[in-house]
Amino acid sequence: MKKSSPWVAVTVLLCLSVAAVVVQAEDPYLFFEWKVTFGTISPFGVPQQAILINGKLPGPRINATSNNNVVVNVFNELDEPLLFQWNGIQHRKNSWQDGMPGTNCPIMPGTNFTYHFQVKDQIGTYFYFPSTGMLRAAGGYGPLTIHSRPLIPVPFDWPADEFHIFLSDWYNKGHKGLKKLLTEGRSIARPNGITINAKHGSVGDKLEPIATMEKGKTYRFRVCNVGLRTSINFRFQGHSMKLVELEGSHVVQNDYDSMDMHVGHCLAVLVTADQEPKDYYLVATSRFFKETYSSVALISYAGGKGVPPASELPPPPPEGIPGIAWSMNQFRSFRWNLTASAARPNPQGSYHYGQIEITRTIKLVASKSHEGDKVRYAINGVSHVDPETPLKLAEYFQVPEKVFKYDIMKDNPPEDLTKVTVAPNVVNATHRNFVEIIFENHEKTIQSYHINGYSFFAVAIEPGKWSPEKRKNYNLVDAVYRFNIQVYPNSWAAVMTTLDNAGMWNVRSQMWERFYLGQQFYFSVLSPARSLKDEYNIPDNYTLCGIVKGLPKPAPYTI
């Protein structure tokens, strides 16, 4: 047998070393397989269909670190089409994974689809939920967290443990009953009550603890409002909480006795177990309704005994008009932590957004209209409907004119908001433009808005109507970089962002009745260079539907 040359051995070792480096260079993968089914829960004593993932509600936790690749294979065993939206995840250059009817063909019953996306520098608290029809009313939500890589510090000591809290309103009519109401031109109205992690508790009930703490240790609670329409205040009996993260941004660490959570919003607080070792209540109360709905959950101390009497429960936050002022002041207390690091090498505060010239101002006003027995919600006089062919596919296959028209909604509301155009609502946006968006609420109820694909600087919320001179009141230094904004009754909110993420992105009301009946639109942000530096190509496993089914794929983007 002929011996190998030592040079051959060296070459082989070198090749193996290079291969090892290449393998190690790819960011880690997290794989999940979800079986999505209906189950039955009864938070208020009325059995109702709920969406379970692998038999659970809330669903499985996606626990990621920045730059992880997340792969989720979803098997739809429901009786209607399904998509999942990753609330707040930006999907850089990849609206193909956004999970909205404007970007994805639905996962039909009895089929599966695999989402694949990479989480970037959004260290924080998020959740996923079903985005088709009224399925959000049936649950199907769960936690998605992004942690900092080990070498990137966070501005607080690592907690002893962390717990996820999902606040929600609940309707005994179920998602199909609510859908029927809306189809008949009626409202879903007020909920039957409030749930915490899909359960309702009253003082004195026998409850299983949702968290157990040890005396002297500090814990992180990640809290999200996953409801349909109800703002919720929450507080820990006998304990204050320190706000450390708000929708993917580290914030100045103020202490709060209670906090308002608006629909779709998430945050993280630290709670120190510094009280007598016994059981305490986490209390959740509806906001801005004449009738108050409440729920409690149990927080236990290890080795502690006994539940405190109801007389020790903390009082509810202010109600009515004073409550709105209280909540607005709480918003103003939120400040970006300018010295905190992020997953990127620079501190959060290195982004001087207040010094960037505004290239476009968009003022958005919602309205409600009646056409016979039909009700539509609109933005600037346009009420969105989803076409059979997802907007992103029509645009990518270069046949948008067969599906929708660009810019039927203007940058300012019309004088007559009673006239509504019902059509797919797509707004052209210039890639990398720095835009100012004003959300103005002329109604008596609170609103909540979300922009997919982006975070934005929430620079102001004030009562009354917006005008250009109001810019002097903007926070142009340390407004929090976030992805949801509430708009109080007869008030306005201003946000600023750079549209640097190419794709088709949904801008919507988080109040799901309004969303379902048209209070939404899409930003089309195209890559001028059709370059992979700006946007990824359509995935190989992507489902095609509508008029593009069977069409040859366009030439792929190149570097």
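Details of the structure are given in the entry above.
Since the model is a prediction, treat every value here as computed from it, not as a measurement.

Undergrad: I would appreciate a short explanation of the overall build of the protein chain in the present structure.
TA: Across its full length, the protein chain holds 5 helices and 33 strands. Relative to the compact-globule value of 24 Å for 559 residues, the protein chain shows a C-alpha radius of gyration of 24 Å, a close match. If one aligns the C-alpha atoms of the protein chain with their principal axes, the spans along those axes are about 90 × 65 × 50 Å. Expressed as a percentage of contacts within the protein chain between residues at least 6 apart in sequence, the contacts between residues at least 24 apart total 78%. Here the protein chain has roughly 23000 Å² of accessible surface; of this, 55% comes from carbon and sulfur atoms. On the protein chain, the mean spot of the 55 positive side-chain charges and the mean spot of the 49 negative ones are 2 Å from each other.

Undergrad: Before we go on, may I ask you to explain helix α2 (residues 174-183) in this structure?
TA: A turn of α-helix holds 3.6 residues, and therefore any two residues three or four places apart point the same way. For α2, the complete set of buried residues consists of Gly174, His175, Leu178, Leu181 and Leu182. Along the axis of α2, the buried residues cluster in a sector spanning 140°; they form a single face. Summarising the contacts, the buried residues of α2 are in contact with β1 (29-41), β2 (48-53) and α5 (512-516). Just downstream of α2, glycine 185 is the residue with a positive phi angle, here 85°.

Undergrad: What am I meant to see in the state of the cysteines here?
TA: Disulfides are covalent bonds that link the sulfur atoms of two cysteine residues. Applying the stated rule across the entire model yields 2 disulfides. Between the sulfur atoms of cysteine 105 and its disulfide partner cysteine 545 the distance amounts to 2.0 Å. Taking the sign of the torsion about the S-S bond as the criterion, the disulfide between cysteine 105 and cysteine 545, at about -90°, is left-handed. Residue cysteine 105 is found in the loop between β5 (84-87) and β6 (112-118), and its partner cysteine 545 is found in the segment after β33 (520-525); the two are separated by 440 residues along the sequence. By relative accessible area, which is 7% here, cysteine 105 ends up buried. Between the sulfur atoms of cysteine 224 and its disulfide mate cysteine 266 the distance is 2.1 Å. Because the torsion about its S-S bond is 115°, the bridge between cysteine 224 and cysteine 266 counts as right-handed. Note that cysteine 224 is positioned in strand β12 (residues 218-225) and cysteine 266 in strand β18 (residues 266-272), a separation of 42 residues in sequence. The two residues cysteine 224 and cysteine 266 agree in class, both being buried.

Undergrad: Where do I start with the side chain of glutamine 122 in this structure?
TA: Mapped onto the fold, glutamine 122 is located in the loop between β6 and β7 (124-130). By relative accessible area, glutamine 122 is classed as buried at 8%. Apart from residues no more than four positions distant in its own chain, glutamine 122 is found in contact with Gly88, Ile89, Gln90, Ile146, Gly248 and Ser455.

Undergrad: Would you mind showing me how to read the sheet that holds β33 here?
TA: Adjacent strands of a sheet form backbone hydrogen bonds with each other and so pair up, either parallel or antiparallel. In space, the 5 strands of this open sheet follow the order β25-β33-β32-β27-β30, with mixed pairing throughout. Looking along the sheet, the strands with just one partner apiece sit at the ends: β25 (426-429) and β30 (484-487). Strand after strand, the sheet turns through a mean of 20° between neighbouring axes, direction not considered. The pairing of strand β32 (residues 503-509) with β33 spans 6 bridges and is classified as antiparallel. By the bridge assignment, glycine 503 is partnered in β33 with valine 525.

Cut-offs and rules
Residues numbered from 1 in each chain as written. Predicted model: local features only at pLDDT ≥ 70, side-chain atom pairs only at ≥ 80, totals over all residues. Heavy atoms only, no water. Helix = DSSP H or I, 4+ residues; strand = E, 2+ residues; numbered from the N terminus. Rg over C-alpha atoms; globule rule 2.2 N^0.38 Å. Contact = heavy atoms within 4.5 Å. Areas by Shrake-Rupley, 256 points an atom, 1.4 Å probe, with all protein chains shown as cover. Lys, Arg positive; Asp, Glu negative; His and termini not counted. Charge placed at Lys NZ, Arg CZ, Asp CG, Glu CD. Buried < 20%, exposed > 50% of the residue type's maximum accessible area, 1.4 Å probe, protein only. Arc of directions from axis to C-beta. Disulfide = S-S within 2.5 Å. Pairing = 2+ DSSP bridges. Axes fitted to C-alpha atoms, helices over the stretch in contact; angles between N-to-C directions.

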